[in-house]
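A structural walkthrough
Chain residues, written in single-letter form:
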Amino acid sequence: MNNKVEVLPSVSDLVARSLDLILSKLSTAIEERGQFTIALAGGSTPKPLYEAIASQKLPWDQIHVFWGDERYVPPDHPDSNELMARRAWLDHVDIPATNIHAIPTLEGDPALSAAKYEQHLREFFNSGVNEFPALDVILLGMGDDAHTASLFPHTPALKVDDRLITVGNKDGNPRITFTYPFINAARSVIFLVAGANKQPALAQVFAPVADDFAYPSRLIKPQGELWWLLDAAAGLYHAS
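All of these numbers come straight from a predicted model, not from anything done at the bench. (Residues numbered from 1 in each chain as written. Predicted model: local features only at pLDDT ≥ 70, side-chain atom pairs only at ≥ 80, totals over all residues. Heavy atoms only, no water.)

1. Quick notes on helix α4 (residues 110–125)
Look at α4: 22 Å from first C-alpha to last across 16 residues, which is about the 22 Å you get at 1.5 Å a residue. The set of residues buried in α4 consists of Pro-110, Ser-113, Ala-114, Tyr-117, Glu-118, Leu-121, Arg-122 and Phe-125. Elements that come into contact with the buried residues of α4 comprise β2 (36–40), β3 (63–67), β6 (165–170), β7 (173–178) and α5 (180–184). Structurally, the start of α4 carries an N-cap: the backbone nitrogen of Ala-111 is 3.0 Å from a side-chain oxygen of Asp-109. (Helix = DSSP H or I, 4+ residues; strand = E, 2+ residues; numbered from the N terminus. Expected span 1.5 Å × (residues − 1). Buried < 20%, exposed > 50% of the residue type's maximum accessible area, 1.4 Å probe, protein only. Contact = heavy atoms within 4.5 Å. Polar contact = N/O pair within 3.5 Å; in protein donor to acceptor, adjacent residues only side chain to side chain.)

2. What about the pattern of salt bridges?
Tallied over the full model, the rule gives eleven salt bridges. The salt bridge partner of Glu-107 is Lys-116, with a shortest N-O separation of 2.9 Å. Judged by relative accessible area, which is 46%, Lys-116 ranks as partly exposed. In this structure, the salt-bridge partner of Lys-170 is Asp-171, at a minimum N-O distance of 3.8 Å. When its relative accessible area of 28% is taken as the criterion, Lys-170 is described as partly exposed. (Salt bridge = Lys/Arg side-chain N within 4 Å of Asp/Glu carboxyl O.)

Below is the structure:
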């Protein structure tokens, strides 16, 4: 596993570093495969990153955008990860609508929505039923409980290892989420983690021994690169 940890002085430095990293991966992917695939994270930390990407001059028709997880709300709901990304980035660039692969949330049945997104992914990547296709970049955040995407501690989603997409659960509220094996198939996984409140969880995630089901971010061990970009406050985990 190619594990890289960088501690940046501030959130703005974290955003700048993640932008550079993404642009590098994008350039390589388009040169080698003719397209770039990225899965987005929700939360407040990546929002300025999306705004920064929107200001770039990029080959938008060769960029395909997915989401690593989504709350089970309509796409125009204030809590929607899709809505945040559209307002910060996608609505401001000339990206084809067919290149935006949003998670369906209007079926009224989270399991049906998860199956629908899985089918869409398999068709897009032309992958077999037992294959886990590789996205170029998956962006992840981490909660102070060490959850990532919608893989929450001690929830059934953590045990799903034969699908790309499953139903997560946060305090009784369903979410649609990538499974950890699908995340681990990525060419690059980039965690963006900011804030002193993340220190205890990070200490457990980086500990030689801990419970993966109590600290789900420990399950993320991609076949490609694993980047942890931390701001200075989160980066103090090793001294706490």
